[in-house]
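# A closer look at the structure
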Amino acid sequence: VKAYAANPCDPAAAALYETLLVDEERTDVILETQQAVLAEIEDPKARAAAAFAFGARWAQRHHNPEVAARFLEEALRLDPGLEPAFNFLRERYGQEEGDWERVVRLADELGDRGHVDPSCSYLLAGGGLVAWRQLGNMKRAEQFFERLGAIAPEHPALAAFEAQTG
């Protein structure tokens, strides 16, 4: 437990600790420990990295997409530039649950940081594409792409949108 708490992103410590708990059917302890570890991390980037690592492990190792989504959404809220987190959530919320509106709301909310964080361009492009293709909401898509154009005027998704919509 001490090695895991000291470095929760260490793959060896995580594999050993989590495997022992899974074998004992105590995944609730894994979740509690991870939440406690996150609560102790003050630096937002470090907390985002840990939440991302936890989410990835819940998705891949523990096959629990609900818990994975919670951790990955927390990671994305802390670091909107985490493209793999957004991809997982788009797949989970949109493709699997059919809640494309939730994907667009998340991209819209976190994309608001785009004026200070250019790494949000992926969220804006993704939100625009989902609004356009999955929801058929051209006005909302245009709003995403206008914001994208303000921070990344050469973004390929913007050029593709403009080429296809005129």
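Structure's up top.
All of the points below concern the structure found in this document. The structure presented is a predicted model; accordingly, all values stated were derived computationally and were not measured. (Residues numbered from 1 in each chain as written. Predicted model: local features only at pLDDT ≥ 70, side-chain atom pairs only at ≥ 80, totals over all residues. Heavy atoms only, no water.)

## Re the packing of aromatic side chains
- Throughout the structure, instances matching the rule amount to 4 aromatic pairs.
- Taking 5.6 Å as the distance between ring centres and 70° as the angle between the ring planes, the aromatic pair formed by Phe54 and Phe71 counts as edge-to-face. In this pair, Phe54 is assigned in helix H4 (residues 44-60) and Phe71 in helix H5 (residues 65-78), connecting sequence segments 17 residues apart.
- Judged by its relative accessible area of 0%, Phe54 is buried.
- Overall, Phe71 belongs to the buried group, its relative accessible area being 4%.
- Between Trp132 and Phe161, the ring centres sit 5.1 Å apart and the planes meet at 90°, which makes this aromatic pair edge-to-face. With Trp132 in helix H8 (residues 121-134) and Phe161 in helix H10 (residues 156-165), this pair connects stretches of sequence that are 29 residues apart.
- Under the relative-accessibility criterion, Phe161 is labelled buried at 5%. (Phe/Tyr/Trp six-rings, centres within 6.5 Å; stacked < 30°, edge-to-face > 60°. Helix = DSSP H or I, 4+ residues; strand = E, 2+ residues; numbered from the N terminus. Buried < 20%, exposed > 50% of the residue type's maximum accessible area, 1.4 Å probe, protein only.)

## Some remarks on the nonpolar core
- In terms of nonpolar packing, the biggest core is built from 47 residues, with Leu38, Phe54, Trp58, Phe71, Leu76, Leu89 and Leu148 touching the most fellow members.
- With 7 residues, the single largest contributor to this core is H5. (Core = buried A, V, L, I, M, F, W, Y, C linked by side-chain atoms within 4.5 Å.)

## Concerning helix H9 (residues 138-151)
- With 14 residues, H9 should reach 20 Å at 1.5 Å per residue; the first-to-last C-alpha distance of 20 Å fits that figure.
- Listing the buried residues of H9 in full gives Arg140, Ala141, Phe144, Phe145 and Leu148. Buried positions in H9, seen along its axis, are confined to an arc of 135° and lie on one side of it. More than 90 degrees from the buried face of H9, the exposed residues found are Lys139, Glu146 and Ala150.
- Check the buried side of H9 and you find it contacts helix H7 (100-111), H8 and H10. (Expected span 1.5 Å × (residues − 1). Arc of directions from axis to C-beta. Contact = heavy atoms within 4.5 Å.)

## Quick look at the environment of Phe71
- When the C-alpha atoms of Phe71 and Gln35 are compared, they prove to be 9.2 Å apart, with 36 residues separating the residues in sequence.
- Among all residues touching Phe71, those that are not within four sequence positions of it are Leu31, Gln34, Gln35, Leu38, Ala51, Phe54, Gly55 and Trp58.

## Some details on unusual backbone geometry
- The phi dihedral of Glu25 falls on the positive side, at around 55°, and the residue is not glycine.
- By relative accessible area, Glu25 is classed as exposed at 73%.

## Details of the packing of helix H3 (residues 27-40) against H4
- The geometry of H3 relative to H4 is characterised by a closest axis approach of 10 Å and an angle of 165° between their N-to-C directions. By the angle between their directions, the pair H3 and H4 is classed as roughly antiparallel. The hand of the H3/H4 crossing is left-handed. Contacts between H3 and H4 pair Thr27, Ile30, Leu31, Gln34, Val37 and Leu38 from the former with Arg47, Ala50, Ala51, Phe54, Arg57 and Trp58 from the latter. (Axes fitted to C-alpha atoms, helices over the stretch in contact; angles between N-to-C directions. Parallel < 35°, antiparallel > 145°, perpendicular 65-115°, else oblique. Left-handed = near helix turned anticlockwise from the far one by under 90°.)

## Comments concerning H3
- With 14 residues, H3 extends 20 Å between its outermost C-alpha atoms, agreeing within 8% with the 20 Å of an ideal straight helix rising 1.5 Å per residue.
- Among the residues of H3, those classed as buried are Val29, Ile30, Leu31, Thr33, Gln34, Val37 and Leu38.
- On its buried side, H3 packs onto helix H1 (2-6), helix H2 (11-23), H4 and H5.

## Quick notes on the pattern of salt bridges
- Overall, the coordinates contain 14 salt bridges when judged by the stated rule.
- For Glu18, the salt bridge goes to Arg57, with nearest N and O atoms at 2.9 Å. Here Glu18, found in helix H2, pairs with Arg57, found in helix H4; they are 39 residues apart in sequence, far enough to count as distant.
- When its relative accessible area of 0% is taken as the criterion, Glu18 is described as buried.
- For Arg140, the salt bridge identified is with Glu101, shortest N-O distance 2.6 Å. Here the residue Arg140 occupies a position in helix H9, and Glu101 occupies one in helix H7, the gap between them amounting to 39 residues.
- According to the relative accessible area criterion, Arg140 is buried, its value standing at 18%.
- Judged by relative accessible area, which is 29%, Glu101 ranks as partly exposed. (Salt bridge = Lys/Arg side-chain N within 4 Å of Asp/Glu carboxyl O.)

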